[in-house]
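Observations on the three-dimensional arrangement
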Amino acid sequence: MMNKKFHLNLTTTQTIMLSFLLAILAGSILLALPVSSADGQAVPYIDAFFTATTSICVTGLVTVPTFSTWSLFGQLVILFLIQIGGLGVVTIMSGLMISLHRRIGIKDRMLIQDAFNLNTLSGMVKFIKKVFLGTFIVEGSGALLYMTVFVPEFGLRGVWISVFNAVSAFCNAGMDVISENSLYDYVHNPLINFVTILLIVVGGIGYIVWWDIMNALKNIKRQKLKCFSGLTLHSKIALSMTGSLILAGTIAVFIFEYHNSQTMGGFTLPEKLLASLFQSVTTRTAGFATIPQEDLTNASSIVSLLLMFIGGSPVGTAGGIKTVTIAVLIVSAFATMKSKAEAELFHRTISKQAVSKAVAVVSMAFIILSASTLLLSAVTDADALDITYETVSAAATVGLTRSLTSSLNMWGKIIIIITMYLGRVGPISLMIALNTKKETKNIIKNPTEEISVG
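Notes on the structure follow. Just so we're clear, the structure is a prediction, and the values are computed from it rather than from any experiment.

**Side note on the overall build of the protein**
- Each helix and strand counted, the protein has 18 helices and two strands in total.
- Put simply, the protein has 454 residues, and 52% of those count as buried.
- Of all intrachain contacts in the protein linking residues separated by at least 6 positions in sequence, the fraction that spans at least 24 positions is 70%.
- Total accessible area on the protein is roughly 22,800 Å²; 65% of this is exposed by carbon and sulfur atoms.

Following this line, the structure appears as structure tokens:
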């Protein structure tokens, strides 16, 4: 008899999606063990599975309190899952191969390329090393700064809180081991606020922008250029959109919550500005909160929904449709309205492929959100705004909730688990993974016929 070997002929996108799913399953099994529970009694598997998913997907929505439900072992598992989710399973495996002096083959390089959405296969090993080094430097610096507040307050436990919060903030997870109220108790603490804000922004801006800024700074003296003009188009868009969205969000929240006694109506002017800034930044897929989301005005809630939907920048730890995507759509729309053949930004032409991909990303994200919202509405008796807030938060891997997550029934938890997973792997990745047909060139094209649009 002939021995037939079974080979899974997976694409790089399918491999990445499968690796996230396997990591979630492994994490859920560990969290379902009695040793992971603070009281020694095994947590219901659906909650363990939900926690593993929210950790790997760096979302932050939780059905049970992180600080009181899980033992130190359980919290270590969660932290490890958050770090894997932030960096990516492929990145972690590649880092292990590099540390063991294993050769990174062409297939591994293609996986890394897909995971980080890079345009080239060259310099992958150097890129991975820089990602690990940069990540641990930023997280370590954040942990040390957190310790100046948490160690005096919590003693030795403050070290663990600082490390956990630093990793969670950088990976845009939004989970903490302080209390059930996120960072409510530190709403007026400038150091906690600004360290968290910086970690969120640095993690969400994207690794490509990191290296681009560093290269631009090195070339300033040599080429006598201004830093911003020396950046690539990608970095210019990511930085300008990030700054604009944070500023616009801060102003909007400040105006709409100024007299709201349930959130920051009783704060001083500087305290209101700080709380508004934090709310604007945390909606960029971080999930920490200094003011209760369920008490926000409807206007602030809608602003938060828009910011969550957009999210951070590509090739970072943030979720959402991404800043570059929305920028491409906006300039493309204005170009069409002005009857221009091509969209332009920063004196550069945006490729048709980029515009098409942006449209596909937003379209698929809208479909996922619509389906998730409709299904959750069918199984949950809650306010429409609370449900929408929950599904957008899950799909954009944000982690902010209007106190709905903890009250979800089993079907509600399953819907949010699927939404978080789809949001983390990305809508385009999902469609590519499901498409098993090989691309073929059409020799014969169908005739073109004009239609009415708009």
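**Here's the deal with the nonpolar core**
- Membership of the largest hydrophobic core comes to 98 residues, with the highest contact counts inside it found for L31, I82, Y146, F150, F164, Y207 and I416.
- Per element, the largest residue contribution to this core is eight residues, and it comes from helix α7 (residues 124–154).
- Membership of the second largest hydrophobic core comes to 18 residues, among which are M264, A275, L296 and V392.

**Description of the packing of helix α11 (residues 233–257) against helix α13 (residues 298–310)**
- Viewed as axis vectors pointing N to C, α11 and α13 meet at an angle of 165°, and their least axial separation amounts to 9 Å. One finds that α11 runs roughly antiparallel with respect to α13. α13 is crossed by α11, and the crossing has left-handed handedness. Here L245, G249, A252, V253, F256 and E257 of α11 come into contact with α13, specifically with A299, S300, V303, L307 and I310.
- Classifying every residue of the contact of α11 with α13 by side-chain character gives eight nonpolar, two polar and one charged.

**Describing the environment of K322**
- You can see K322 is positioned in the loop between α13 and α14 (323–337).
- Along the chain, K322 and T242 lie 80 residues apart, while their C-alpha atoms are 9.7 Å from each other.
- When sequence neighbours within four positions are dropped, the list of residues in contact with K322 reads I310, G312, S313 and P314.

**Details of the environment of G206**
- Locating G206 in the fold gives a position in the loop between α9 (190–205) and α10 (207–223).
- For G206, a relative accessible area of 1% puts it in the buried group.
- Note: C-alpha distance between G206 and S313 (107 residues apart in sequence) is 5.8 Å.
- The residues contacting G206, other than those within four sequence positions of it, are P314, V315 and G316.

**What to know about the pattern of salt bridges**
- Going through the model one piece at a time under the given rule, you end up with two salt bridges.
- The salt bridge involving K413 is made with D47; its shortest N-O contact spans 2.9 Å. Taken together, the residues K413 in helix α17 (residues 410–425) and D47 in helix α2 (residues 45–56) connect sequence positions 366 residues apart.
- On the basis of relative accessible area, K413 is assigned to the buried category, the value being 12%.
- Looking at D47, the relative accessible area reads 8%, which means it is buried.
- Of the charged contacts in the structure, one is a salt bridge between R402 and D386, with a shortest N-O distance of 2.5 Å. One end of the pair, R402, is in the loop between α16 (384–395) and α17; the other, D386, is in helix α16, with 16 residues separating them in the sequence. The same class applies to R402 and to D386, which are both buried.

**Let's talk about helix α8 (residues 157–170)**
- Taking 1.5 Å per residue as the helical rise, α8 with its 14 residues ought to reach 20 Å, and the 20 Å between its terminal C-alpha atoms agrees with that figure.
- For α8, the buried fraction is high: eleven of the 14 residues fall into the buried class.
- Those residues of α8 that fall on the buried side of the exposure criterion are G158, W160, I161, S162, F164, N165, A166, V167, S168, A169 and F170.
- N172, located one to two residues past α8, shows a positive phi value of around 60°.

**Focus on the layout of surface pockets**
- Its boundaries defined by the atoms lining it, the second largest pocket holds a volume of some 600 Å³.
- Around the second largest pocket, the lining comprises 26 residues; the ones closest to its centre are V62, E180, N181, S182 and T401.

**Some remarks on the side chain of E390**
- Positionally, E390 belongs in helix α16.
- Lacking a salt bridge, the buried E390 has R402 as its closest oppositely charged neighbour, with an N-O distance of 8.3 Å.
- Within the local environment of E390, its side chain forms a polar contact with the side chain of T405, the two groups lying 2.4 Å apart.
- Excluding residues within four positions of it along the chain, E390 makes contact with L61, L376, T401, R402, L404, T405, L408 and I416.

**Digging into α2**
- The end-to-end C-alpha distance of α2 is 16 Å, a good match for the 16 Å that twelve residues give at a rise of 1.5 Å each.
- Of all twelve residues in α2, ten are buried, a share of seventy percent or more.
- For α2, the set of buried residues is D47, A48, F49, F50, T51, A52, T53, T54, S55 and I56.
- Count one or two residues on from α2 and you reach V58, which has phi positive near 40°.

**Some points on empty space enclosed by the protein**
- Under the definition given, this model contains one cavity of 30 Å³ or more.
- Going through the elements one at a time, α9 and α11 are the ones with two or more residues in the lining of the largest cavity.
- If you tally residues by element for the lining of the largest cavity, the top one is α9, at four residues.

**Some points on the packing of helix α4 (residues 72–87) against α8**
- At their nearest, the axes of α4 and α8 sit 9 Å apart, and the two run at 25° to each other. Comparing the axis directions of α4 and α8 gives the class roughly parallel. Here α4 and α8 pass one another in a crossing that is left-handed. Two secondary-structure elements touch here, α4 through L72, Q75, L76, I78, L79, I82 and Q83 and α8 through W160, V163, F164, V167 and S168.

What counts, and at which threshold
Residues numbered from 1 in each chain as written. Predicted model: local features only at pLDDT ≥ 70, side-chain atom pairs only at ≥ 80, totals over all residues. Heavy atoms only, no water. Helix = DSSP H or I, 4+ residues; strand = E, 2+ residues; numbered from the N terminus. Buried < 20%, exposed > 50% of the residue type's maximum accessible area, 1.4 Å probe, protein only. Contact = heavy atoms within 4.5 Å. Areas by Shrake-Rupley, 256 points an atom, 1.4 Å probe, with all protein chains shown as cover. Core = buried A, V, L, I, M, F, W, Y, C linked by side-chain atoms within 4.5 Å. Axes fitted to C-alpha atoms, helices over the stretch in contact; angles between N-to-C directions. Parallel < 35°, antiparallel > 145°, perpendicular 65-115°, else oblique. Left-handed = near helix turned anticlockwise from the far one by under 90°. Nonpolar A, V, L, I, M, F, W, Y, C, P; charged D, E, K, R; others polar. Salt bridge = Lys/Arg side-chain N within 4 Å of Asp/Glu carboxyl O. Expected span 1.5 Å × (residues − 1). 1 Å grid on protein atoms, 1.4 Å probe; cavity = no way out; pocket = protein on both sides within 12 Å on 5 of 7 lines; lining within 4 Å. Points joined across faces, edges and corners; volume = space filled by probe spheres on them. Lys, Arg positive; Asp, Glu negative; His and termini not counted. Polar contact = N/O pair within 3.5 Å; in protein donor to acceptor, adjacent residues only side chain to side chain.

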